[in-house]
Amino acid sequence: MQHLYPQNKTGLFSALALLVIAVAAPALAQTPEEKGFEVAARSDRSDRGFVDSKVSLKMILRNAAGQESTRELTINTLEIPDEQVGDKSMTVFDSPADIDGTALLSHARILEADDQWLYLPALKRIKRISSVNKSGPFVGSEFAFEDFTGLELNKYSYRYLREEVCGELMCDVVERTPLYEHSGYTLQIAWVDQTDFQARKIDFYDRRGDLLKTLALTDWRQYEGKYWRAHMLSMQNHQTGKNTDLVYGEFEFGTGLGERDFVKNTLKRLQ
Amino acid sequence: MMNIQQPDMPVVRTWNTAFLAALFLVVISSIASAADVRVSGFSGVDLRWFPQSPKYDRQFSGLEASTLLNPEFRYQADDGGPQVVFIPFARLSSRDAERSHVDIREAYIADHMDDWDYLVGINRVFWGVTESRHLVNIINQTDAIEDTDDEDKLGQPMINIGLQKDWGRLDAFVLPGFRERTFAGSDGRLRADETVDEDQAVFDSGAGTRHVDFAGRYSHFLGDWDVGLSLFHGLSREARLPLGTGNRRAPHYDLITQTGLDLQYTLDEWLWKFEGITREGQGDTFAAMVGGFEYTFFQIAESDADLGILTELHWDGRDQTDAPSTAFDNDIFVGARLALNNIDDSQALIGGIVDVDDGTTSLSLEADTRLGDIWKIEAEARLLLNTVPGNTLASFERDSFINLRLVRYF
């Protein structure tokens, strides 16, 4: 308590100076990198503790001529609380009919290649596959593999750019650079709102540094008073004119999924 | 030698098959509509063309048309519980009565609780990692009249108990009811001079086809390594084909014990693969192996397409008279896989296997693409070049073929 009652002038000035520094320090001393990380971490941590989720979605692919093709899939996710280890996910396709039952198991890792297995129901064969193909199209869509698996906080370095209005909200605009190998992006720019801390829009820049795609995340719904999920993800490819929509159904949380639901053999019983 | 071959009755057999297939459908669709059963599967048409005239008498020449049907019925209550699956299969061939056939690919009930799972009924099980030969894959009999690639399998009755732990997975199989291999009929192509008479089959067990086989497998992954260790004791899925009576081949199924190892090391663009077996019960105990790599160039030339290069070496130490003969005694496989990663999932696989000892070469090309949402077209060519008398494949030297398949999924 003594510190609050300084004995002399010098002491008072020192105390005031300290107070000013203490209040201003976060704004003054924080580098754009630290601030960018803070925005991303706040967003990531707003999602902490969901344990597991199940969701079915439609993927609608459109080419430049407007021709459409639809895939239906279900994604089960198991949260791994450790930020140094990625989540586990199981993706199962229902349509088109020829890939009905095809399933992908992914054990995400942070900077190393993920462990991935693909199940081919026609041969009843489970294949360990190479996961370095991060930038390749996911089932012919405008989403790359890394757009699904690259959502871990420590997969990027960050830099805060600016504050900007995004729709009805105010957003922090953060640049993020993939730290993992084999990314198809040199950088991404994300608009993260200051109210719910969710990414509303992301621009993707290709290996040449040109704008490649824009992802718009809309139809946000909150679950259990905590977890926000966008139910409409639209990826527009600016270079080809093609786009892909992901239309999510209702998410289910805390469904009781466990480690045993994310092992190789489980791939065979999800059709 | 006096020829007392008895001609088959293709018309009768074909109609039997057709009748059985129709009966299947009627029974199944009535069950399916009664409960909340998920129906999927496919039907298709195959056009198989043999450009060369046949080597043996009575074999058809030119075009073979066939239709195939593979519906799939799945049932599981909304709140989980056991899964019930039924998958019949039927093919009706215009030219080879033996190739017209019906099979139950799968018909089982399965469930899991905690670390344990079980499956009772008919199922197909695939083990292994390599592409050009499936050495360790032994649970199911090959439906050899479907294709020459050893990938079409007959349903196998089984009781399978599985245990999943952090240290890996253990599977135990009890396999009652032996399935005999299917062979082309006298009208058919892709056969030897003397046709196989399944009625003359010999089994190295007192119980005949009722012999109960056993198998077990341990599988796991550690970092970049995937490993499988397997053991099988029972009737060999491959048959020796000594001459029987009536100038026909009598398939002989020996009692064997086989151990298997399959390994894959996945490192960035590289997949390193190995399969090895030892087998006891067909002459001297022998070993066989296949191993190699697949390297993928992702997004070639800044496109979405991936190009994979495959190489696998084959070696088989069996005595070709005491054990069922194999074409893979000392061979090299080289292939390329192209995946366009487009909306229609178009892909192609081209490969060649060369016998290092005599130069006999078989080439294969497989390509397929989706057409819209429910149709798919597949092209397949299997060409035999440079066959040398004495090579296992010499009987098929005039049986290169091209197959075009149109499939509709439902």
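Residues numbered from 1 in each chain as written. Chains lettered and ligands numbered in written order. Predicted model: local features only at pLDDT ≥ 70, side-chain atom pairs only at ≥ 80, totals over all residues. Heavy atoms only, no water.

## Some words on a nonpolar patch on the surface
Residues and elements named next belong to chain B.
Reasoning step 1: Together, Tyr75, Val84, Ile109, Met113, Trp116, Val120, Ile159, Ile161, Val174, Val212 and Phe214 make up a nonpolar patch on the protein surface, roughly 880 Å² of accessible area in all.
Reasoning step 2: Of all the secondary-structure elements, those providing two or more residues to the nonpolar patch are β4 (101-113), β5 (116-123), β6 (156-165) and β9 (212-222).
Reasoning step 3: Residue position: Val84 is located in strand β3 (residues 80-93).
Reasoning step 4: The class for Val84 is partly exposed, based on a relative accessible area of 35%. (Patch = residues over 30% accessible without salt bridge, like charges linked within 9 Å, V, L, I, M, F, W, Y side chains within 5 Å. Areas by Shrake-Rupley, 256 points an atom, 1.4 Å probe, with all protein chains shown as cover. Salt bridge = Lys/Arg side-chain N within 4 Å of Asp/Glu carboxyl O. Helix = DSSP H or I, 4+ residues; strand = E, 2+ residues; numbered from the N terminus. Buried < 20%, exposed > 50% of the residue type's maximum accessible area, 1.4 Å probe, protein only.)

## Observations regarding the confidence of the model for chain B
Residues and elements named next belong to chain B.
Reasoning step 1: Residues of chain B with pLDDT of at least 70 account for 91%, and the chain-wide mean is 91.
Reasoning step 2: The low-confidence segment residues 1-13, where pLDDT is below 50, has 16 contacts with residues more than four positions distant or belonging to other chains.
Reasoning step 3: Reported for the predicted complex are a pTM of 0.89 and an ipTM of 0.90. (pLDDT = per-residue confidence, 0-100. Contact = heavy atoms within 4.5 Å.)

## Structural notes on the packing of aromatic side chains
Reasoning step 1: Scanning the model with the defined rule gives 29 aromatic pairs over all chains in all.
Reasoning step 2: When the centroid spacing of 5.5 Å and the interplanar angle of 35 degrees are considered together, the rings of A:Tyr227 and A:Phe253 count as tilted. With A:Tyr227 in strand β12 (residues 227-237) and A:Phe253 in strand β14 (residues 252-253), this pair connects stretches of sequence that are 26 residues apart. Each of the two residues, A:Tyr227 as well as A:Phe253, counts as buried.
Reasoning step 3: Ring centres of B:Phe178 and B:Phe203 lie 5.9 Å apart, and the angle between their planes is 75 degrees; on these two criteria the pair is classed as edge-to-face. Placement of B:Phe178 in the loop between β7 (168-176) and β8 (202-203) and of B:Phe203 in strand β8 is noted, with a sequence separation of 25 residues between them.
Reasoning step 4: On the basis of relative accessibility, which here comes to 7%, the residue B:Phe178 falls in the buried class.
Reasoning step 5: Through pairs of rings, three or more aromatic residues link up here, namely A:Phe50, A:Tyr223, A:Tyr227, A:Tyr248, A:Phe251 and A:Phe253.
Reasoning step 6: Residue placement shows A:Arg229 over the ring face of A:Phe50; its charged tip is 5.2 Å from the ring centre.
Reasoning step 7: Above the face of the A:Phe251 ring, A:Arg229 is positioned so that its terminal group lies 5.4 Å from the ring centre. (Phe/Tyr/Trp six-rings, centres within 6.5 Å; stacked < 30°, edge-to-face > 60°. Lys NZ or Arg CZ within 6 Å of the ring centre and 35° of its normal.)

## A word on the state of the cysteines
In a disulfide, the sulfur atoms of two cysteines are held together by a covalent bond.
Residues and elements named next belong to chain A.
Reasoning step 1: All chains considered together, the criterion is met by 1 disulfide over all chains.
Reasoning step 2: The disulfide partner of Cys166 is Cys171, and the gap between their sulfur atoms is 1.9 Å. Judged by the sign of its S-S torsion, about 75 degrees, the cystine formed by Cys166 and Cys171 is right-handed.
Reasoning step 3: We classify Cys171 as buried; its relative accessible area is 0%. (Disulfide = S-S within 2.5 Å.)

## A closer look at the side chain of B:Glu131
Reasoning step 1: Residue placement: B:Glu131 occurs in the loop between β5 and β6.
Reasoning step 2: Classification of B:Glu131 by relative accessible area gives buried; the value is 15%.
Reasoning step 3: Leave out the neighbours within four places in its chain, and B:Glu131 touches A:Arg125, A:Lys127, B:Glu151, B:Lys273, B:Glu294, B:Leu310, B:Glu312 and B:Arg337.

## Thoughts on the environment of B:Leu255
Residue and element names in this part refer to chain B.
Reasoning step 1: Mapped onto the fold, Leu255 is located in strand β12 (residues 255-267).
Reasoning step 2: Remark: the alpha-carbon pair of Leu255 and Phe60, spanning 195 residues in sequence, is separated by 35 Å.
Reasoning step 3: In contact with Leu255, other than residues within four places in its own chain, are Asp204, His211, His233, Gly234, Leu235, Glu280 and Gly281.

## Thoughts on the nonpolar core
Reasoning step 1: Judged by nonpolar contacts, the single largest core of 45 residues is most densely connected at A:Phe138, A:Leu215 and A:Leu233.
Reasoning step 2: For A:Phe138, the contacting residues outside a window of four places in its chain are A:Met59, A:Leu73, A:Thr91, A:Phe93, A:Leu104, A:Phe143, A:Ala144, A:Phe145 and A:Phe148. (Core = buried A, V, L, I, M, F, W, Y, C linked by side-chain atoms within 4.5 Å.)

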